[in-house]
Amino acid sequence: MHRKPVIAANWKLNLSPTDAKAFLQRFLAQVPKLNERTLVFFPSAITLTTVIDGLRERPEIWVGVQNVHSEAQGAFTGENSVLMARDVGARVVLVGHSERRHVFGETDEMTTRKMSLIVQGRLTPLLCVGETLEEREAGRTAEVVERQLTAGLAELDAGQIAQILLAYEPVWAIGTGRTATPADASEIHGVLRQALVSRIGEKAAAGVPILYGGSVNRGNASQLLAASDVDGLLVGGASLDPDSWASIVRA
Ligand code: PEP
């Protein structure tokens with residue numbers, strides 16, 4: 001099955017609304033409509049509506065949020081909800097990013113809950129899984145990513161699983177300048193694909209895009225994208241500069 005590559009920019013805690021306007025002006029001038037790719041921006045919650053407004057003329061580009069709370073609403077000061085994200089026009093939600101897991105202590109149970117709320121709220125989750133360096137060196141990569149995947153999918157039915165986006169993001173490669181080789185990425189993407197096949201069957205599993213993330217840049221993007229079972233890229237640092245991001249999305 002053909003999977004249209006998904007190329008996503010995770011801006012993390014960078015780019016204010018003012019910065020985002022300047023970014024989009026420069027980026028959009030360089031990148032006409034790309035029919036063969038799906039582009040996604042994940043700005044901060046404060047910059048979200050500026051990016052959505054800036055892309056009104058480019059509805060083929062998706063915008064998502066970097067996080068949502070694991071409860072639908074209530075006394076959770078500082079948090080954002082699925083329904084609020086949908087209300088302003090977000091389509092995708094990052095779940096289980098390594099910084100959420102390792103900096104903010106997000107547990108597998110929280111990713112289970114968030115995934116369920118997101119699909120019920122009719123947004124698309126982009127579930128991130130990945131091992132730490134210690135886990136990799138102990139030969140536990142497959143076990144860790146399968147455990148994280150199992151938690152993320154625990155409350156979803158087969159039809160819902162078929163609609164998710166998935167990203168393999170080795171923790172040791174995020175923001176470090178160390179990238180998995182295309183062969184390493186293919187191997188773990190293959191493990192994830194098989195885990196999907198066992199849940200929803202070969203045909204539906206073949207339609208789930210599995211992105212690679214971890215120190216992608218304009219020099220390595222095309223090689224990673226060409227690797228088997230790599231269906232897109234999730235990019236942090238190199239997505240903050242409009243020129244670098246424009247060359248990655250065309251890689
Ligand atoms: C990320 O934040 O998802 C990421 C992959 O970051 P970087 O590209 O900076 O490693």
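**Describing the overall build of the protein chain**
The helix and strand tally for the protein chain stands at 12 helices and eight strands. Here the protein chain has a C-alpha radius of gyration of 17 Å; the compact-globule value for 251 residues is 18 Å, and the two agree. Dimensions of the protein chain along its principal axes, counting C-alpha atoms only, are 45 × 45 × 35 Å. For the protein chain, buried positions account for 54% of its 251 residues. Put simply, 72% of the contacts in the protein chain that link residues at least 6 apart link residues at least 24 apart. One finds the centroid of the 25 positive side-chain charges in the protein chain at a distance of 6 Å from the centroid of its 28 negative side-chain charges.

**Considering the site of the ligand**
The local shell around the ligand holds 14 residues, among which Lys12, Glu169, Gly175, Ser215 and Gly236 are the closest. Within the backbone of Ser215, one N or O atom sits 2.8 Å away from an oxygen atom of the ligand. Protein burial of the ligand: of its 300 Å² of free accessible surface, 95% is covered by the chains. Looking at the shell around the ligand, its residues break down into four nonpolar, eight polar and two charged.

**Quick look at the pattern of salt bridges**
Where charged atoms from two side chains of opposite charge approach closely, those side chains can pair. Under the counting rule described, the total for this entry stands at 14 salt bridges. Note that Asp243 is salt-bridged to Arg26, the shortest N-O span being 2.7 Å. In this pair, Asp243 sits in helix H12 (residues 242–249) while Arg26 sits in helix H1 (residues 17–30), placing the two residues 217 residues apart along the sequence. Exposure remark for Asp243: the relative accessible area of 22% places this residue in the partly exposed category. Taking the relative accessible area as the measure of exposure, Arg26 reaches 47% and is therefore partly exposed. Across the pair Asp108 and Arg101 runs a salt bridge, and its minimum N-O distance is 3.2 Å.

**Here's the deal with the sheet that holds strand S8 (residues 232–235)**
Pairing is parallel around the closed barrel formed by eight strands, whose spatial order is S1-S2-S3-S4-S5-S6-S7-S8. The mean inter-strand angle of the sheet, taken between neighbouring strand axes irrespective of direction, is 25°. Strand direction decides the pairing type here: strand S3 (residues 62–65) and strand S4 (residues 92–95), joined by two bridges, are parallel. Its bridge partner lying in S4, Gly64 is registered against Val92.

**Comments concerning the packing of helix H5 (residues 108–120) against helix H7 (residues 141–153)**
For any two helices packed against each other, the geometry comes down to the angle between their axes and how far apart the axes lie. Running from amino to carboxyl end, H5 crosses H7 at an angle of 40°, the nearest separation of the two axes being 7 Å. By the angle between their directions, the pair H5 and H7 is classed as oblique. Of H7, the residues touching H5 (which contributes Asp108, Thr111, Thr112 and Met115) are Arg147, Gln148, Ala151, Gly152 and Leu153.

**What about the pairing of S8?**
With burial as the criterion, each face of S8 is covered, one bearing Gly232 and Leu234 and the other bearing Leu233 and Val235. Here two bridges tie strand S7 (residues 210–213) to S8, and the two strands are oriented parallel to one another. Paired with Tyr212 across the two strands is Leu233, which belongs to S8.

**Comments concerning the environment of Arg122**
Here Arg122 lies in the loop between H5 and strand S5 (124–129). Between the C-alpha atom of Arg122 and that of Leu28, which follows or precedes it by 94 residues, the distance is 28 Å.

**Overview of the nonpolar core**
Judged by nonpolar contacts, the single largest core of 67 residues is most densely connected at Phe27, Phe41, Leu192, Tyr212, Leu233 and Trp245. Ranked by residue count, the leading element in this core is helix H9 (residues 182–200), at seven residues. Ranked by size, the runner-up nonpolar core spans 12 residues in total, among them Val6, Val40, Phe42 and Leu94.

**Details of H7**
Counted at 1.5 Å a residue, the expected span for H7 with its 13 residues is 18 Å, and the 18 Å between its end C-alpha atoms agrees. Inspection of H7 places Thr141, Val144, Val145, Gln148, Leu149, Ala151, Gly152 and Leu153 among the buried residues, and these make up the whole buried set.

**Remarks on the packing of aromatic side chains**
Throughout the structure, instances matching the rule amount to seven aromatic pairs. Between the aromatic rings of Phe23 and Phe41, the centroid separation amounts to 5.9 Å while the plane-to-plane angle is 90°, which identifies the pairing as edge-to-face. Highlighted residues: Phe23 in helix H1 and Phe41 in strand S2 (residues 38–42), separated in sequence by 18 residues. We classify Phe41 as buried; its relative accessible area is 0%. A connected cluster of aromatic rings, assembled from ring pairs, spans Trp11, Phe23, Phe27, Phe41 and Trp245. Just above the ring of Phe104 sits the side chain of Arg100; from NZ or CZ to the centre is 4.2 Å.

Rules used in this analysis
Residues numbered from 1 in each chain as written. Predicted model: local features only at pLDDT ≥ 70, side-chain atom pairs only at ≥ 80, totals over all residues. Heavy atoms only, no water. Helix = DSSP H or I, 4+ residues; strand = E, 2+ residues; numbered from the N terminus. Rg over C-alpha atoms; globule rule 2.2 N^0.38 Å. Buried < 20%, exposed > 50% of the residue type's maximum accessible area, 1.4 Å probe, protein only. Contact = heavy atoms within 4.5 Å. Lys, Arg positive; Asp, Glu negative; His and termini not counted. Charge placed at Lys NZ, Arg CZ, Asp CG, Glu CD. Near = heavy atom within 4 Å. Polar contact = N/O pair within 3.5 Å; in protein donor to acceptor, adjacent residues only side chain to side chain. Areas by Shrake-Rupley, 256 points an atom, 1.4 Å probe, with all protein chains shown as cover. Nonpolar A, V, L, I, M, F, W, Y, C, P; charged D, E, K, R; others polar. Salt bridge = Lys/Arg side-chain N within 4 Å of Asp/Glu carboxyl O. Pairing = 2+ DSSP bridges. Axes fitted to C-alpha atoms, helices over the stretch in contact; angles between N-to-C directions. Parallel < 35°, antiparallel > 145°, perpendicular 65-115°, else oblique. Core = buried A, V, L, I, M, F, W, Y, C linked by side-chain atoms within 4.5 Å. Expected span 1.5 Å × (residues − 1). Phe/Tyr/Trp six-rings, centres within 6.5 Å; stacked < 30°, edge-to-face > 60°. Lys NZ or Arg CZ within 6 Å of the ring centre and 35° of its normal.

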